[in-house]
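Report on the structure
For reference, the chains in residue letters:
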Amino acid sequence: MLKVTGIAKGIVIDHITAGKGLKIFQKLNLDKLPSPVVLLMNVSSERLGKKDIIKVQDHIDIDLAILGLIDQNITVNIIENEGIKEKIAVSIPQRVKGLFQCKNPRCITCEDQYAEAEFTLVPNGKIQYRCSYCEELTEYKL
Ligand SMILES: [Zn+2]
(Lines give C-alpha, C1' and ligand atoms only; values in the text may rest on other atoms or scores of the structure.)
Protein backbone atom coordinates (compact mmCIF):
# COMPACT_ATOMS: atom_id res chain seq x y z
CA MET A 1 0.00 0.00 0.00
CA LEU A 2 1.29 3.38 -1.02
CA LYS A 3 1.86 5.65 1.95
CA VAL A 4 1.47 9.36 1.60
CA THR A 5 2.27 11.66 4.45
CA GLY A 6 -0.79 13.31 5.90
CA ILE A 7 -1.05 17.05 5.68
CA ALA A 8 -1.27 19.39 8.67
CA LYS A 9 -3.26 22.05 6.90
CA GLY A 10 -4.97 22.06 3.56
CA ILE A 11 -7.63 20.38 1.49
CA VAL A 12 -8.23 16.76 0.63
CA ILE A 13 -10.58 15.98 -2.22
CA ASP A 14 -11.57 12.41 -1.42
CA HIS A 15 -13.75 9.65 -2.93
CA ILE A 16 -13.16 10.76 -6.50
CA THR A 17 -14.33 8.03 -8.88
CA ALA A 18 -11.17 6.33 -10.18
CA GLY A 19 -10.15 7.91 -13.47
CA LYS A 20 -11.69 11.32 -12.82
CA GLY A 21 -8.88 12.68 -10.65
CA LEU A 22 -6.83 14.04 -13.53
CA LYS A 23 -9.85 15.79 -15.05
CA ILE A 24 -10.57 17.49 -11.72
CA PHE A 25 -6.92 18.39 -11.32
CA GLN A 26 -7.06 20.17 -14.70
CA LYS A 27 -10.48 21.79 -14.20
CA LEU A 28 -9.38 23.31 -10.90
CA ASN A 29 -6.10 24.47 -12.47
CA LEU A 30 -4.15 22.81 -9.68
CA ASP A 31 -1.01 22.69 -11.84
CA LYS A 32 -0.91 26.51 -11.56
CA LEU A 33 -0.85 26.47 -7.75
CA PRO A 34 2.33 27.45 -5.92
CA SER A 35 1.48 25.04 -3.08
CA PRO A 36 2.40 21.34 -2.90
CA VAL A 37 -0.29 19.23 -4.55
CA VAL A 38 -0.56 15.48 -4.99
CA LEU A 39 -2.87 13.45 -7.18
CA LEU A 40 -3.27 9.83 -6.13
CA MET A 41 -4.88 7.46 -8.57
CA ASN A 42 -6.42 4.02 -8.11
CA VAL A 43 -6.21 3.97 -4.34
CA SER A 44 -8.15 1.09 -2.70
CA SER A 45 -11.43 2.22 -1.21
CA GLU A 46 -13.99 0.24 0.76
CA ARG A 47 -16.81 2.31 -0.60
CA LEU A 48 -15.80 2.62 -4.24
CA GLY A 49 -13.38 -0.26 -4.85
CA LYS A 50 -10.88 2.16 -6.29
CA LYS A 51 -10.74 5.90 -6.01
CA ASP A 52 -8.61 8.94 -6.77
CA ILE A 53 -7.57 11.49 -4.15
CA ILE A 54 -6.18 15.01 -4.46
CA LYS A 55 -4.33 16.67 -1.59
CA VAL A 56 -3.44 20.34 -1.52
CA GLN A 57 -1.15 21.52 1.22
CA ASP A 58 -2.79 24.90 1.61
CA HIS A 59 -6.23 26.39 2.06
CA ILE A 60 -7.46 27.36 -1.37
CA ASP A 61 -10.87 28.22 -2.71
CA ILE A 62 -12.28 25.22 -4.51
CA ASP A 63 -15.12 25.51 -6.95
CA LEU A 64 -17.60 23.03 -5.49
CA ALA A 65 -19.91 23.51 -8.48
CA ILE A 66 -17.30 22.05 -10.84
CA LEU A 67 -16.70 19.13 -8.49
CA GLY A 68 -20.44 18.47 -8.24
CA LEU A 69 -20.79 18.50 -12.01
CA ILE A 70 -17.94 16.08 -12.60
CA ASP A 71 -18.49 13.63 -9.76
CA GLN A 72 -21.17 13.51 -7.05
CA ASN A 73 -19.23 10.94 -4.97
CA ILE A 74 -16.69 13.50 -3.85
CA THR A 75 -16.13 14.61 -0.28
CA VAL A 76 -13.97 17.64 0.38
CA ASN A 77 -12.12 17.59 3.71
CA ILE A 78 -10.75 20.79 5.13
CA ILE A 79 -7.67 19.94 7.21
CA GLU A 80 -6.53 22.09 10.09
CA ASN A 81 -3.96 21.11 12.76
CA GLU A 82 -3.68 17.61 11.25
CA GLY A 83 -7.38 16.90 11.77
CA ILE A 84 -10.52 17.21 9.69
CA LYS A 85 -12.13 20.53 10.50
CA GLU A 86 -14.92 20.30 7.98
CA LYS A 87 -16.35 17.69 5.60
CA ILE A 88 -18.25 18.89 2.58
CA ALA A 89 -20.27 16.56 0.35
CA VAL A 90 -20.64 17.95 -3.16
CA SER A 91 -23.84 17.83 -5.17
CA ILE A 92 -24.99 18.79 -8.64
CA PRO A 93 -25.30 22.59 -8.67
CA GLN A 94 -28.78 24.04 -9.27
CA ARG A 95 -27.42 27.08 -11.09
CA VAL A 96 -24.14 27.49 -12.92
CA LYS A 97 -22.49 30.35 -14.70
CA GLY A 98 -19.48 30.38 -16.98
CA LEU A 99 -18.56 26.71 -16.61
CA PHE A 100 -19.66 25.66 -20.07
CA GLN A 101 -21.21 27.09 -23.21
CA CYS A 102 -24.76 26.99 -24.44
CA LYS A 103 -25.05 24.41 -27.21
CA ASN A 104 -27.36 26.59 -29.30
CA PRO A 105 -25.04 28.20 -31.91
CA ARG A 106 -27.48 31.11 -32.40
CA CYS A 107 -27.58 31.88 -28.69
CA ILE A 108 -26.42 35.41 -27.85
CA THR A 109 -23.97 34.01 -25.30
CA CYS A 110 -22.08 32.24 -28.10
CA GLU A 111 -21.85 35.37 -30.24
CA ASP A 112 -21.33 38.07 -27.63
CA GLN A 113 -18.34 37.50 -25.39
CA TYR A 114 -19.80 39.83 -22.74
CA ALA A 115 -23.02 37.88 -22.37
CA GLU A 116 -22.40 35.00 -20.01
CA ALA A 117 -24.94 32.25 -20.04
CA GLU A 118 -26.54 31.30 -16.78
CA PHE A 119 -27.94 27.82 -16.55
CA THR A 120 -30.57 26.26 -14.31
CA LEU A 121 -30.66 22.54 -13.68
CA VAL A 122 -33.63 20.76 -15.24
CA PRO A 123 -34.98 18.15 -12.82
CA ASN A 124 -35.20 15.24 -15.27
CA GLY A 125 -32.62 12.83 -13.87
CA LYS A 126 -29.93 13.84 -16.37
CA ILE A 127 -27.42 16.61 -15.86
CA GLN A 128 -29.15 19.04 -18.19
CA TYR A 129 -29.25 22.80 -17.86
CA ARG A 130 -31.60 25.39 -19.34
CA CYS A 131 -29.98 28.52 -20.75
CA SER A 132 -31.33 31.76 -19.26
CA TYR A 133 -31.11 33.53 -22.65
CA CYS A 134 -32.47 31.05 -25.18
CA GLU A 135 -34.08 28.27 -23.08
CA GLU A 136 -32.06 25.64 -24.97
CA LEU A 137 -31.09 22.56 -22.91
CA THR A 138 -27.40 21.80 -22.68
CA GLU A 139 -26.13 18.58 -21.18
CA TYR A 140 -22.90 18.88 -19.25
CA LYS A 141 -20.21 16.59 -20.64
CA LEU A 142 -16.78 16.05 -19.21
ZN1 LIG B 1 -28.40 29.88 -24.88
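Described below are features of the structure shown in this document. Remember, predicted model here, so these are calculated numbers, not experimental data. (Residues numbered from 1 in each chain as written. Predicted model: local features only at pLDDT ≥ 70, side-chain atom pairs only at ≥ 80, totals over all residues. Heavy atoms only, no water.)

Points about the nonpolar core
For the record, the criterion: By convention a nonpolar core is built from buried Ala, Val, Leu, Ile, Met, Phe, Trp, Tyr and Cys residues, the set being connected through side-chain atoms within 4.5 Å. Each residue is assigned to one of three classes by its accessible area relative to the maximum for its type, calculated with a 1.4 Å probe on protein chains only: buried under 20%, partly exposed between the two thresholds, exposed over 50%. Strands here are runs of E lasting at least two residues and helices are runs of H or I lasting at least four, both read from the DSSP assignment and numbered beginning at the N terminus. Every residue pair with non-hydrogen atoms within 4.5 Å of one another is taken to be in contact.
Counting residues in each nonpolar core, the largest one holds 30 residues, and the members touching the most others are I13, I24, I54, L67, I74, F119 and Y129. The leading source of residues in this core is helix 2 (residues 64-70), at 4 residues. If near-sequence neighbours (up to four positions away) are discounted, L67 is found in contact with I13, I24, L28, I62, I74, V76 and V90. Core analysis: the next-biggest nonpolar cluster, separate from the first, contains 6 residues, I7, L40, V43 and I79 among them.

Side note on the sheet that holds strand 9 (residues 137-139)
What counts is decided by this rule: By the convention used here, strands pair only if DSSP detects at least 2 bridges between them. Working convention: axes come from line fits to C-alpha atoms, limited for helices to the stretch in contact. Angles between N-to-C directions cover 0 to 180 degrees.
Taking strand neighbours across the sheet as the criterion, the 4 strands line up as 6-7-8-9 in an open arrangement whose pairing is antiparallel. The sheet is open, and its two edges are formed by strand 6 (95-97) and strand 9, each paired on a single side. Along the sheet, successive strands turn relative to each other by an average axial angle of 35°, direction set aside.

Quick word on the pattern of salt bridges
The following threshold applies: Here, a salt bridge means any side-chain nitrogen of Lys or Arg that lies within 4 Å of a carboxyl oxygen of Asp or Glu.
Scanning the model with the defined rule gives 4 salt bridges in all. Its salt-bridge partner being K51, residue D14 comes within 2.9 Å of it at the nearest N-O pair. Of this pair, D14 sits in strand 1 (residues 10-17) while K51 sits in strand 3 (residues 49-56), and the two are 37 residues apart along the sequence. The same class applies to D14 as to K51, namely buried. For R95, the salt bridge goes to E118, with nearest N and O atoms at 2.8 Å. You can see R95 sitting in strand 6 and its partner E118 sitting in strand 7 (residues 118-122), a full 23 residues away along the chain. For E118, a relative accessible area of 25% corresponds to the partly exposed category.

Considering the sheet that holds strand 2 (residues 37-45)
Reading across the sheet, the 5 strands line up as 2-3-1-4-5 and stay open at both edges, with antiparallel pairing between neighbours. One side of each edge strand has no neighbouring strand; the edge strands of this open sheet are strand 2 and strand 5 (83-89). Taken pair by pair, the neighbouring strands of this sheet meet at an average axis angle of 20°, ignoring direction. With 6 bridges joining them, strand 4 (residues 75-80) and strand 5 adopt antiparallel strand pairing.

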